[in-house]
Amino acid sequence: MSKSQKEMMEEALKQLHMFVESIKKSTGLPIVPDQKSGAALWYDQRQITNKYLISVDRIRPFYDGLMDGKLMATKCKHCGQLYFPPQVDCPKCRKSDMEWVELSREGELITFTVINIKPASFAHYPDYTVGIARLKEGINITAWVRETDPKKLRIGMKVRVEVVKREPEGYLTYEIVPAE
Amino acid sequence: MGRQVAIVGVGHSKFGTRHDANIAELAWESIRQALDDAGVGQEDIEYFVVSNAGGWSSEPLPAVVVGEYAGLNPKGTVRVEAACASGSAALKLAHDIVASGQADIVLAVGIEKMNESPTPTVVEYIGRAGNFFWEFQNFGLTFPGYYALYATAYMHKYGATEEDLCRVAVKNHYYGARNPKAQFQREITVEACMNSRYVAWPLKLFDCSPITDGSAAVIVASEEIARKLTDTPVWIRAIGAASDTSNLSKRTDFTSLRAAVEAARMAYRKAGIDPENPVKHIDVAEVHDCFTIAEILAYEDLGFAKRGEGVKLVREEQTYIGGLIPVNLSGGLKAKGHPIAATGVSMAAELTRQLRQEVEKERQATINKGIALAHNVGGTGHYAYVTILSLEKPSK
Ligand SMILES: [Zn+2]
């Protein structure tokens with residue numbers, strides 16, 4: 001089996017790290033030549049890790065919905081505007097009087113792509129398909145599509161949205177599923 | 001409207017993988033050229049605007065790092081961000097400061113050092129530049145991925161093919177091969193492009209602009225100062241700016257960038273350009289070809305072609321020199337390179353030199369009308385700037 005993008009990435013970083021450490025031992029400096037140009041590069045001796053804490057308190061009903069297998073949106077009680085992603089303030093009315101409504105989870109695929117070259121934090125997944133579906137209610141939803149062969153997908157095809165558990169992280173999210 | 005503002009000096013670093021220079025040295029490469037070109041000193045610059053997207057590079061306050069190295073202290077400064085359109089935002093701010101009479105000479109410099117981080121990290125940062133929480137966190141979109149969503153929709157609606165997209169790359173590499181500042185100075189074929197691997201289906205590696213280090217600088221001045229400094233001021237005739245939703249899912253159509261349409265409409269109105277037939281006014285354009293599909297969308301969003309017919313301009317080679325309107329004679333983002341926040345300033349520097357007829361012969365547009373257009377998109381149509389430059393002073 002060929003190596004995953006994550007394995008290749010980690011291997012390259014590990015090799016670079018070991019190379020720097022060996023150079024540092026002999027010269028006392030974390031300076032290595034760039035492999036292509038030979039330009040001197042200082043290897044950062046500090047590292048920062050970002051993991052954000054993001055407020056979802058006001059849209060908690062959306063996550064309660066996921067726990068029940070439902071996809072929830074907000075609807076302004078004054079102008080009737082439907083919001084997905086859900087938001088608790090209506091900028092048009094300048095009111096914050098929303099009702100939570102369940103979406104039909106049925107619609108059609110309006111566009112899609114397959115992500116072959118992945119971001120670092122998604123490198124552990126095999127290639128995945130991302131699509132945008134237009135639900136019956138007229139709102140769009142971006143999500144993974146449960147089909148990795150783009151030839152089996154078609155713009156305009158019927159799809160539904162299912163609440164799924166994303167592995168290996170093990171958290172609830174939603175997915176577009178071809179329904180033809 | 002305020003005062004008239006002209007570009008009086010430009011500078012442009014070599015674009016590419018620039019491990020030979022740090023962020024300040026790389027910025028200085030273009031700042032020095034711009035000062036020399038304008039014939040002014042640091043003491044004449046009253047304010048400087050630094051565009052930098054950053055994240056992948058180590059300095060969190062690039063404006064002051066650049067200011068110190070380039071001898072610009074104690075002049076006032078700010079760092080601006082409008083994703084890939086940061087450079088145009090910097091130019092707009094510099095323009096507005098002079099137009100409003102707050103200063104007579106302002107420098108805008110765009111700098112990006114993307115190669116300070118490994119590629120997967122850069123892919124991560126750019127992928128997060130949409131709506132991080134709703135579209136990246138769970139679904140890991142990448143920048144090619146966002147534009148691929150547009151490509152799939154456009155190809156389905158109008159019958160464009162992957163070969164058509166590759167033809168855009170072929171053109172831009174053709175001109176990149178003739179631009180000594182370009183990252184890729186070699187021509188490619190449709191076959192080579194078609195044989196490159198998928199990055200985000202249906203986009204392949206050769207459909208994508210590269211990860212680039214680079215800087216570009218522009219000095220703008222009021223009319224009175226511009227007349228003293230140069231015989232060939234290039235006037236900023238109009239800047240249109242617009243935005244669109246952070247979430248792609250909030251948009252209704254994936255065959256056009258609404259923000260670009262709106263920015264073009266504003267710019268054409270201010271510059272007195274007929275929106276039904278803008279090409280009759282314009283000698284040369286630089287458009288935001290971060291991906292090949294983006295150049296085709298740009299033709300239509302700018303009104304160079306009707307809806308669905310942008311791809312025809314590509315097939316008929318109408319955007320080479322001698323065609324309907326030459327586009328991206330610098331090599332574009334595709335071949336010149338795309339150092340995110342330097343790109344908009346690079347477009348202004350390139351078009352200034354095109355209007356002055358100073359670029360390499362093989363990629364010099366014929367200048368008859370004296371008007372050039374820059375189309376600079378940030379994110380996936382999240383920000384859009386359309387800038388009209390002109391040899392003649394705009395009439396009030
Ligand atoms: Zn409302």
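Keep in mind that this is a model prediction, so the values were computed, not measured.

Novice: Can you walk me through the environment of Leu297(B) in this structure?
Specialist: All names here are of chain B. Its location among the elements puts Leu 297 in helix α11 (residues 292–301). It is 25 Å that separates the C-alpha atoms of Leu 297 and Ile 367, two residues lying 70 residues apart in sequence. Leu 297 has contacts with Tyr 150, Tyr 154, Thr 255, Ser 256 and Leu 257, leaving out every residue within four places of it along the chain.

Novice: Any chance you could explain the coordination of the zinc ion here in plain terms?
Specialist: The reference angle at a metal is 109.5 degrees if four donors form a tetrahedron and 90 or 180 degrees if six donors form an octahedron. Residues and elements named next belong to chain A. Distances from the zinc ion to its protein donors, Cys 76 (SG), Cys 79 (SG), Cys 90 (SG) and Cys 93 (SG), fall within 2.2 to 2.3 Å. Coordination at the zinc ion comes from 4 donor atoms whose angles at the metal span 104 to 114 degrees, giving a geometry best classed as tetrahedral. One chain supplies every donor for the zinc ion, spaced along it as C-x2-C-x10-C-x2-C. Note that Cys 79 is positioned in the loop between β3 (72–76) and β4 (82–83) and Cys 90 in the loop between β4 and β5 (98–102), a separation of 11 residues in sequence.

Novice: Looking at this model, I keep getting lost on unusual backbone geometry. Mind explaining?
Specialist: It is generally the case that most residues other than glycine have a negative phi and that most peptide bonds are trans. Between Phe84(A) and the following residue, Pro85(A), the backbone shows a cis peptide bond with an omega angle of -5 degrees. With respect to the helices and strands, Pro85(A) occurs in the loop between β4 and β5. Omega for the peptide link from Glu167(A) to Pro168(A) comes to 5 degrees, which places this bond in the cis form. Checked against the element boundaries, Pro168(A) lands in the loop between β9 (158–166) and β10 (171–178). One non-glycine residue, Arg94(A), adopts positive backbone phi at about 55 degrees. Residue position: Arg94(A) is located in the loop between β4 and β5. Phi at Ala83(B) takes a positive value of approximately 50 degrees, unusual for a residue other than glycine. Mapped onto the elements, Ala83(B) comes out in the loop between β3 (76–80) and α3 (86–99).

Novice: Is there a simple way to explain the interface of chain A and chain B in this structure?
Specialist: In many analyses, interface size is given as the accessible surface area lost on bringing the parts together. Each partner contributes residues to the interface: chain A has 46 residues there, and chain B has 37 residues. Across the interface of chain A and chain B, roughly 3,300 Å² is buried in total on both sides, 66% from carbon and sulfur atoms. Joining chain A to chain B, the criterion identifies 0 salt bridges. Our count for the contact surface shared by chain A and chain B stands at 19 residue pairs in polar contact (both at pLDDT 80 or more).

Novice: How should I be thinking about the sheet that holds β5(A) in this particular structure?
Specialist: Across a sheet, strands are paired by hydrogen bonds formed along the backbone, either parallel or antiparallel in direction. Residues and elements named next belong to chain A. Read from one edge of the open sheet, 3 strands run β4-β3-β5, paired in antiparallel fashion. The open sheet terminates on both sides in strands that have one partner only, identified here as β4 and β5. Pairing between β3 and β5: 5 bridges, direction antiparallel. Opposite Cys 76, over in β5, you have Met 98 as the bridge partner.

Novice: Sorry, what's going on with the pairing of strand β7 (residues 128–135) of chain A here?
Specialist: The two faces of the sheet receive side chains in turn, since in a regular strand these alternate between them. All names here are of chain A. Of all 8 residues that make up β7, 7 are buried, and the element is covered over most of its length. In terms of strand pairing, β7 meets strand β8 (residues 140–145) through 6 bridges, oriented antiparallel. When the bridges of β8 are listed, Ala 133 appears paired with Ile 141. Turn length for the β7-β8 hairpin, with the two strands adjacent in sequence and antiparallel, is 4 residues, and the turn residue Gly 138 shows positive phi of about 95 degrees.

Novice: What should I look at first to understand the domain arrangement of chain A in this one?
Specialist: Residue and element names in this part refer to chain A. Each assigned domain of chain A is listed here: domain 1 (5–42), domain 2 (50–102) and domain 3 (105–180). Here the C-alpha centre of domain 3 lies 21 Å away from the C-alpha centre of domain 2. Counting residues at the interface gives 9 residues for domain 2, matched by 11 residues for domain 3. Interface area for domain 2 against domain 3, summed over the two sides, is near 840 Å², with a carbon-plus-sulfur share of 76%. When the buried area of domain 2 at its contact with domain 3 is split by residue, Leu 66, Leu 71 and Phe 84 rank highest and sum to 60% of it.

Novice: What is the right way to look at the side chain of Lys334(B) in this model?
Specialist: Residues and elements named next belong to chain B. Its place among the elements puts Lys 334 in helix α13 (residues 332–336). Notably, Lys 334 is buried but unbridged: the nearest opposite-charge side chain belongs to Asp 289, and the N-O separation is 7.5 Å. Among the polar contacts made by the side chain of Lys 334, one reaches the side chain of His 173 at a distance of 3.1 Å. Residue contacts for Lys 334: discarding those within four places in its chain leaves Ala 169, Asn 172, His 173, Phe 184, Phe 206, Asp 207, Cys 208, Ser 209, Pro 210 and Asp 289.

Calculation notes
- Residues numbered from 1 in each chain as written.
- Chains lettered and ligands numbered in written order.
- Predicted model: local features only at pLDDT ≥ 70, side-chain atom pairs only at ≥ 80, totals over all residues.
- Heavy atoms only, no water.
- Helix = DSSP H or I, 4+ residues; strand = E, 2+ residues; numbered from the N terminus.
- Contact = heavy atoms within 4.5 Å.
- Donors = N, O, S within 2.8 Å, 3.2 Å for Na, K, Ca; no water.
- Tetrahedral: all angles 85-135°; square planar, octahedral: opposite > 155°, others 65-115°.
- Buried area = accessible area lost by both parts, 1.4 Å probe.
- Salt bridge = Lys/Arg side-chain N within 4 Å of Asp/Glu carboxyl O.
- Polar contact = N/O pair within 3.5 Å; in protein donor to acceptor, adjacent residues only side chain to side chain.
- Pairing = 2+ DSSP bridges.
- Buried < 20%, exposed > 50% of the residue type's maximum accessible area, 1.4 Å probe, protein only.
- Domains from an automatic or database assignment.
- Lys, Arg positive; Asp, Glu negative; His and termini not counted.

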